[in-house]
Amino acid sequence: MGEVTGIQVLFGMLMLWLIFIVIKLFSGKSFQSSTKKSSWVKILISGTSTGLVSVLYYKCVQLVPASLAIVLLMQYIWIGVVIEFIFFKTKPSKTT
């Protein structure tokens, strides 16, 4: 579980740094962060929750059959919609 999650984090980090470097090289401007402190907290929370889904999914695959684990992974999607409805009061729509 640790190796798979670690490789995912490593590749994600490398891809984000590559995108950052390419954008910085081709824009010709110096990079200045205009992100507020409250935005950083939201970014950290969203990244942490996504990472936890990966860790818990791989742990679930170790403990239960893969067919049940994938069903449980799909529950993450609709639970996210419910949480969004509760906290942000946005109703789910048929369009994406």
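Calculation rules
Residues numbered from 1 in each chain as written. Predicted model: local features only at pLDDT ≥ 70, side-chain atom pairs only at ≥ 80, totals over all residues. Heavy atoms only, no water. Helix = DSSP H or I, 4+ residues; strand = E, 2+ residues; numbered from the N terminus. Rg over C-alpha atoms; globule rule 2.2 N^0.38 Å. Areas by Shrake-Rupley, 256 points an atom, 1.4 Å probe, with all protein chains shown as cover. 1 Å grid on protein atoms, 1.4 Å probe; cavity = no way out; pocket = protein on both sides within 12 Å on 5 of 7 lines; lining within 4 Å. Points joined across faces, edges and corners; volume = space filled by probe spheres on them. Nonpolar A, V, L, I, M, F, W, Y, C, P; charged D, E, K, R; others polar. Phe/Tyr/Trp six-rings, centres within 6.5 Å; stacked < 30°, edge-to-face > 60°. Buried < 20%, exposed > 50% of the residue type's maximum accessible area, 1.4 Å probe, protein only. Expected span 1.5 Å × (residues − 1). Patch = residues over 30% accessible without salt bridge, like charges linked within 9 Å, V, L, I, M, F, W, Y side chains within 5 Å. Salt bridge = Lys/Arg side-chain N within 4 Å of Asp/Glu carboxyl O.

Engineer: Tell me what's going on with the overall build of the chain, and back it up with residues and numbers.
Structural biologist: Across its full length, the chain holds 3 helices and 0 strands. Relative to the globule expectation of 12 Å for 96 residues, the C-alpha radius of gyration of the chain, 18 Å, shows a markedly less compact shape. Based on the C-alpha atoms only, the size of the chain along its principal axes is roughly 50 × 40 × 25 Å. Element-wise, carbon and sulfur atoms account for 75% of the exposed surface of the chain, whose accessible area totals about 8600 Å².

Engineer: If you had to explain the layout of surface pockets to someone new, which residues and values would you point to?
Structural biologist: When its volume is computed, the largest pocket comes out at roughly 410 Å³. Taken together, K42, I45, S46, S49, V53, Y76, I79, G80, I83, E84, F87 and F88 form the lining of the largest pocket. Breaking the lining of the largest pocket down by element, the ones donating at least two residues are α2 (37-63) and α3 (66-88). The element that contributes the greatest number of residues to the lining of the largest pocket is α3, accounting for 7 residues. In terms of residue class, the lining of the largest pocket is built from 7 nonpolar, 3 polar and 2 charged.

Engineer: Any chance you could break down the packing of aromatic side chains for me, citing the residues and the numbers?
Structural biologist: Under the definition given, this model contains 1 aromatic pair. Consider the rings of W17 and F20, whose centres lie 5.6 Å apart with planes at 85°: the pair is edge-to-face. Residue W17 and its partner F20 are both found in helix α1 (residues 2-27); the two are separated by 3 residues, about one turn of the helix.

Engineer: Let's hear about unusual backbone geometry: which residues, and what values?
Structural biologist: Residue K89 is not a glycine yet carries a positive backbone phi of 60°. Within the fold, K89 resides in the segment after α3. Using a relative accessible area of 65% as the deciding quantity, one classes K89 as exposed.

Engineer: Could you give an account of α3, with specific residues and numbers?
Structural biologist: Helix length check: α3 (23 residues) gives 33 Å between terminal C-alpha atoms against 33 Å at 1.5 Å per residue, within 8%. Residue K89 follows α3 closely and has a positive phi angle near 60°.

Engineer: I'd like a description of the environment of K91, backed by residues and values.
Structural biologist: You can see K91 is positioned in the segment after α3. Under the relative-accessibility criterion, K91 is labelled exposed at 69%. Sequence spacing of K91 and W40 is 51 residues, and the spatial spacing of their C-alpha atoms is 26 Å.

Engineer: Account for a nonpolar patch on the surface, naming residues and giving values.
Structural biologist: On the surface, a cluster of nonpolar side chains totalling about 1300 Å² of accessible area is made up of I7, L10, F11, M13, L14, M15, W17, L18, I21, V22, L25 and F26. The residue I21 is located in helix α1 in this model. Residue class for I21 comes out partly exposed when judged on its relative accessible area of 44%.

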